[in-house]
Every structure is written in C-alpha cells, then in structure tokens.
Amino acid sequence: MSVKPLRVGLAGIGTVGGGTWTVLNRNADEIRRRAGRPIQITAVADLDQAKARALTGGQVRFVPDAMALARDPEIDVVIELIGGYGFAKDFVLEAIRNGKHVVTANKALLATHGNEIFALAQQKGVMVAFEAAVAGGIPIIKALREGLTANKIEWVAGIINGTTNFILSEMRDKGLAFDVVLKEAQRLGYAEADPTFDIEGVDAAHKATIMAAIAFGIPMQFDAAHIEGISKLQAKDIAYAEQLGYRIKLLGITKRHANGVELRVHPTLISSKKLIANVEGAMNAVWVKGDAVGHTMYYGKGAGAEPTASAVIADLVDVARMLTADPANRVPYLAFQPDQMAALSVVPIAQVQSCYYLRLRVKDQPGVLADITRVLADGQISIDMFFQREPDEDLHETDVVLITHLCLEQDMRAAIGRIEQLPTVLGQAVMLRMETFA
Ligand code: NDP
Ligand code: HSE
C-alpha cells in the first residue's frame with residue numbers, strides 16, 4: 001500500500017533553502033525509510049524566479065508570493081527560510097491559521113514573537129518545529145527538549161554564533177583584521193542578512209533566549225537579555241588573555257536561580273584548558289549542566305547550507321512521524337506543557353555574579369598598584385591573578401591586567417568607577433567577564 005507523501009511548501013531558497021532542497025533530494029530514499037512516507041517539496045516561493053528555476057530545474061511549482069503557500073490546501077507543511085520578523089511573521093501566522101505545520105530556522109522570529117506563534121499553533125493543533133534555529137546542524141533543541149527531559153537543567157552556555165567564533169579564531173590564529181574575516185564569513189554564508197546581528201551578539205541572544213525557554217520552561221524574554229557583541233573587543237585583550245591562559249569567546253549563557261534566570265551574551269574569558277575554549281572557526285558548541293546527567297556538550301557546524309538543512313529536514317521527519325498523533329500527545333513546543341510554564345523573569349545584569357578581567361592603562365610610577373588594589377579591597381573584591389606589562393619607557397605608562405574572584409557586577413562597576421577617578425589611571429578600564437563553569 002502506498003503512503004501519501006508529506007507535501008511541503010518551501011519559502012525562501014537562499015543559503016538554507018537551497019541546502020534543504022539539495023539534501024532532501026540527494027537523501028530522499030534514506031529520509032523516506034526513516035519518515036515512513038516520502039517528503040516532497042511540491043512548491044517553492046522566492047523573490048527570484050530565476051534562482052528557483054536554477055535550483056529546482058523547474059521540477060516543482062514556483063509561487064511568486066509566498067503567502068500563497070500559507071493558504072494552499074495542497075500543502076501540509078511550510079518551511080520558512082526567509083528570515084527576519086516582518087513578512088516571515090505574517091507568513092508563519094497565516095500558515096498556522098490555515099492549519100499548516102511550520103518548520104523554521106528563524107531564531108529572530110521565535111525569540112521575539114515565539115510566545116504569540118506558539119499560542120496560536122496550540123490553538124490550531126499544529127506543530128512548529130525549529131531545530132535549525134539554534135546552533136545550525138547540532139540537534140540541541142532535541143537534546144534539551146527530549147534527551148535531557150529527566151533533568152532539572154541548571155545552566156546552558158554555548159558558542160552559538162558561527163560568524164563571531166570564526167572572526168575571533170581567525171583574528172587570534174592568523175592575526176587577520178576584523179573586517180577581512182567578516183567578509184569571508186559572509187561569503188561562506190554564515191552571516192545573517194544584517195551582519196550587525198552577528199557581531200553585536202543579537203543573533204546569539206536570540207538563540208540563548210530560545211534555549212532558556214526550553215531549558216527552564218519559561219516564556220521567550222529576548223527583550224530582557226543582556227547583550228554585548230565583539231565589535232569593541234580589542235586584539236590587545238585577546239593577546240593578554242592568551243598570556244594568562246584564557247581564550248575569549250562570545251558565549252550565550254543562561255542559568256537558573258531560585259529568584260530568576262540569567263540570560264546574557266558577551267565576550268567571555270574561558271580557561272584554554274576547557275573543551276569549549278578550543279571550539280574554533282564557524283563551529284558551535286553548547287554545554288549543558290543537568291542535575292542528573294551532569295555535564296554534556298554538543299559540538300558541530302552551527303551555520304552553512306547543508307548543516308542547517310540537516311536540522312530543517314530532521315524537523316520535517318518529526319512532523320511526518322507525528323502527523324496523526326493527538327496534538328496533546330506531541331512534544332510540547334517549549335519542552336514543558338503550555339499550562340506548566342514558570343513565571344521566572346530575567347535577573348538584571350547588575351545582580352549577576354562573575355569573575356572579571358580588568359585592563360587598566362596606568363602611569364608607571366610607585367603606588368599605582370596599591371591604589372588600585374585598595375579600591376578593590378574596599379569593595380570586597382578579591383584578586384585572583386595579576387599581570388603588568390613591561391612599561392613603555394618613552395611614555396612612562398603601562399598596562400595592568402588583573403582577574404578577580406567572583407563578585408557582583410554592580411560591585412565591580414562601582415569599583416571601576418572609583419579606579420577610573422584615580423589620578424594615576426589613564427582613560428577607561430576594559431572589563432570582560434570570565435566563566436569557570438565550576
Ligand atoms: P538567505 O538570505 O540566504 O535566504 C533568504 C531567501 O529568502 C532569499 O533567497 C530571499 O530572496 C528570499 N526571500 C526574501 N524575502 C522573501 C519573500 N517575501 N518571499 C519569498 N522569499 C523571500 O538567508 P539564509 O538562508 O542564510 O537564512 C534563512 C533563515 O535561516 C534565516 O532566518 C536565518 O537566520 C536562518 N539560519 C541561517 C543559517 C545560515 O547558516 N545561513 C543557519 C541557521 C539559521 P532574495 O535573495 O532575492 O532577497
Ligand atoms: N549567522 C548565524 C551564525 C547563522 O553565524 O551562527 C547560524 O544561525
């Protein structure tokens with residue numbers, strides 16, 4: 001007996017859409033054997049018809065207006081690979097209203113409008129699958145939502161933006177300039193349509209927001225995330241960190257506390273002995289601490305056409321397998337049953353505890369270090385490590401670098417304010433956070 005194929009409408013055939021078409025066709029037989037039915041893209045929509053024809057060879061229907069896919073009674077599932085939260089949001093909501101299941105890689109859309117999208121999807125009894133939205137080809141959504149379901153998850157920390165990890169790696173390894181490496185990341189298809197989302201940490205914050213929601217069973221709270229990117233990071237600090245035994249990575253971090261959750265993205269010093277510090281290039285890694293399982297880590301390609309397509313197609317297979325299941329028996333969108341979500345809000349960054357790296361430009365004269373350490377001691381901040389560069393003989397200035405033990409961010413900022421007032425300290429301090437993952 002032949003089983004009806006899953007009929008798919010693909011919207012957006014850029015990097016990920018193109019990869020999805022290619023992999024789905026190349027591995028059609030293998031995928032059918034897993035899904036229990038063929039998965040067929042029956043129509044594609046894009047702004048560029050010539051691109052569609054070049055990709056599909058005219059084998060499937062081309063639709064100039066993607067919205068037609070959302071309303072097409074001959075389509076069971078739409079894949080949204082357009083990006084952004086303008087048209088893509090209207091498209092996804094329209095597809096759900098029309099009873100279509102949705103697969104999307106669009107983390108920006110889910111982090112900012114996910115609460116609305118999932119509420120409508122639940123009302124309509126349709127699936128919204130988003131494995132590709134976090135860490136590209138790494139099945140981290142599956143791991144957090146299903147594999148670790150026995151655990152009380154304590155924290156999740158990850159290198160979840162391939163573009164910035166690629167930039168940091170190339171700058172450190174090859175001494176290449178920021179702009180040169182960014183252009184290469186764009187050429188390789190890693191970067192977002194607007195690369196400031198990558199560089200300024202926004203893309204990583206979208207992904208961290210989604211992981212926090214499914215790790216702790218909380219609504220999406222992107223607006224409350226603390227976000228710092230790598231655009232202000234200086235080569236000097238990457239080099240000093242290395243001399244002290246650390247690498248600097250852009251991490252997305254979310255931690256659970258009794259009174260709330262931390263949700264933050266920023267450049268972070270990590271001991272170079274840690275596995276995650278050695279994740280290089282466009283590779284991603286997500287480190288999860290659960291109370292039962294302990295530490296687990298997931299590593300792989302976080303961006304690019306086929307790695308991301310791998311996740312998109314895994315979602316299609318899930319949809320095919322769960323098509324006839326009662327919606328109440330499917331895996332909940334955000335891992336927890338919708339009526340069991342927790343009301344934990346995001347803790348302000350001032351209340352977060354961390355260790356800190358400080359770089360200060362100081363006059364090379366007696367008493368400077370005593371003044372700085374006195375301010376820190378007055379603020380109950382203890383120093384873990386200290387390093388002074390060879391003084392610049394002509395200028396009579398030098399860099400002082402120190403790493404503190406754990407303290408509250410508000411205390412650290414208050415101390416920095418006082419240190420910057422010292423007559424021997426020149427200019428502004430550079431402050432970076434450090435994680436030990438103890
Ligand atoms: P691209 O820009 O390469 O592709 C988007 C495609 O959508 C383009 O072909 C674009 O056409 C088309 N498009 C734009 N507007 C419309 C519209 N109104 N109707 C139909 N088609 C439209 O993006 P990516 O493939 O890189 O990214 C797609 C999504 O996947 C994004 O949400 C992104 O964040 C996410 N993602 C991307 C990853 C990657 O490695 N690239 C990894 C993980 C997730 P045109 O070019 O003519 O404007
Ligand atoms: N721009 C993203 C990155 C794509 O560089 O990681 C994958 O989400």
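On a predicted model such as this, the values are computed, not experimentally measured, just so you know. (Residues numbered from 1 in each chain as written. Chains lettered and ligands numbered in written order. Predicted model: local features only at pLDDT ≥ 70, side-chain atom pairs only at ≥ 80, totals over all residues. Heavy atoms only, no water.)

## Some remarks on the site of ligand 2
Neighbouring ligand 2 are Lys107, Asn161, Gly162, Thr163, Tyr190, Ala191, Glu192, Asp198, Asp203, Lys207, Gly302 and Ala303. Here ligand 2, which alone exposes 250 Å², has 94% of that area covered by the protein. Elements that contribute at least two residues to the shell around ligand 2 include exactly α8 (162–174) and α11 (202–216). In terms of residue class, the shell around ligand 2 is made up of three nonpolar, four polar and five charged. (Near = heavy atom within 4 Å. Areas by Shrake-Rupley, 256 points an atom, 1.4 Å probe, with all protein chains shown as cover. Helix = DSSP H or I, 4+ residues; strand = E, 2+ residues; numbered from the N terminus. Nonpolar A, V, L, I, M, F, W, Y, C, P; charged D, E, K, R; others polar.)

## Some words on the pairing of strand β17 (residues 425–434)
Of all 10 residues that make up β17, seven are buried, and the element is covered over most of its length. Where strand β10 (residues 260–271) lies against β17, two bridges are found, and the strand directions are parallel. Bridge pairing in β17 links Thr268 to Arg433. Sheet analysis places strand β13 (residues 353–363) next to β17, joined by seven bridges and oriented antiparallel. Pairing of Leu358 across the sheet is with Met431, part of β17. (Buried < 20%, exposed > 50% of the residue type's maximum accessible area, 1.4 Å probe, protein only. Pairing = 2+ DSSP bridges.)

## Describing the sheet that holds strand β4 (residues 77–80)
Taken in spatial order, the six strands of this open sheet run β3-β2-β1-β4-β5-β6, and their pairing is parallel. Among the strands making up the open sheet, the edge pair consists of β3 (61–63) and β6 (128–129). In terms of strand pairing, strand β1 (residues 6–11) meets strand β2 (residues 39–45) through six bridges, oriented parallel. Residue pairing across strands places Val8 opposite Ile41, the latter belonging to β2. Sitting on the sheet, helix α5 (residues 87–97) touches β1, β4, β5 (101–104) and β6, and the angle it makes with β4 is about 170°. Lying on the sheet, helix α13 (residues 305–322) is in contact with β1, β2, β4, β5 and β6; it crosses β5 at an angle near 165°. (Contact = heavy atoms within 4.5 Å. Axes fitted to C-alpha atoms, helices over the stretch in contact; angles between N-to-C directions.)

## Focus: the nonpolar core
Side chains of a nonpolar character, in soluble globular proteins, are inclined to be buried together. Within the largest apolar cluster, 90 residues are counted, with the highest numbers of intra-cluster contacts made by Ile140 and Leu144. If one sorts the elements of this core by residue count, α11 sits on top with 11 residues. In contact with Ile140, other than residues within four places in its own chain, are Glu131, Val134, Ala135, Met211, Val286, Val288 and Tyr298. (Core = buried A, V, L, I, M, F, W, Y, C linked by side-chain atoms within 4.5 Å.)

## A word on the site of ligand 1
If you check the shell around ligand 1, you find 22 residues, and the closest are Val16, Asp46, Lys51, Glu192 and Gly304. Taking Lys51, its side chain carries an N or O atom lying 2.6 Å from an oxygen atom of ligand 1. Here ligand 1 has 890 Å² of accessible area as a free molecule, and 79% of this is covered by the chains. Here the residues of the shell around ligand 1 sort into 10 nonpolar, eight polar and four charged. (Polar contact = N/O pair within 3.5 Å; in protein donor to acceptor, adjacent residues only side chain to side chain.)

## Here's the deal with the domain arrangement of the chain
Taken as a whole, the chain is organised into domain 1 (6–137 + 305–340), domain 2 (140–300) and domain 3 (350–434). Taken together, the two surfaces of domain 1 and domain 2 that pack against each other cover about 2000 Å², and 65% of this comes from carbon and sulfur. When residues of domain 1 are sorted by the area they lose upon contact with domain 2, Lys107, Ala111 and Val134 head the list and together hold 27% of the total. Taken together, domain 1 and domain 2 are joined by three salt bridges. We note a salt bridge from Lys107 to Asp203, for which the minimum N-O separation is 3.3 Å. Our enumeration of links across domain 1 and domain 2 arrives at eight residue pairs in polar contact (both at pLDDT 80 or more). For the side of domain 1 that touches domain 2, the element with the most residues is helix α6 (residues 107–124), which contributes eight residues. Class assignment of the residues belonging to the side of domain 1 that touches domain 2 gives a composition of 15 nonpolar, four polar and three charged. (Domains from an automatic or database assignment. Buried area = accessible area lost by both parts, 1.4 Å probe. Salt bridge = Lys/Arg side-chain N within 4 Å of Asp/Glu carboxyl O.)

## Regarding the pattern of salt bridges
This model, assessed by the stated rule, comprises 35 salt bridges. Here Lys207 ties to Asp203 by a salt bridge, and the two come within 2.6 Å at their closest N and O atoms. Placement of the pair is Lys207 and Asp203 together in helix α11, with a separation of four residues, close to one helical turn. One exposure class covers both Lys207 and Asp203, and it is buried. Residue Lys236 pairs with Asp399 through a salt bridge whose shortest N-O separation is 2.9 Å. With a gap of 163 residues between them, Lys236 in helix α12 (residues 235–243) and Asp399 in strand β15 (residues 397–404) connect regions that are remote in the sequence. Through salt bridges with shared partners, one network takes in Arg172, Asp173, Glu242, Arg247, Lys249 and Glu280.

## Overview of α8
Its 13 residues place the ends of α8 17 Å apart at the C-alpha level, agreeing with the 18 Å of an ideal helix rising 1.5 Å per residue. Counting buried residues along α8, 10 of its 13 residues qualify, which places the element largely inside the surrounding structure. Among the residues of α8, Gly162, Thr163, Thr164, Asn165, Phe166, Ile167, Leu168, Ser169, Glu170 and Met171 are the ones counted as buried. Of the surrounding secondary structure, the elements contacted by the buried residues of α8 are β7 (153–159), α9 (178–187), α10 (196–199), α12, β9 (246–257) and β11 (283–290). N-cap assignment for α8: the residue whose side-chain oxygen lies 3.3 Å from the backbone N of Thr163 is Asn161. Immediately downstream of α8, the backbone of Gly175 shows phi near 65°, a positive value. (Expected span 1.5 Å × (residues − 1).)

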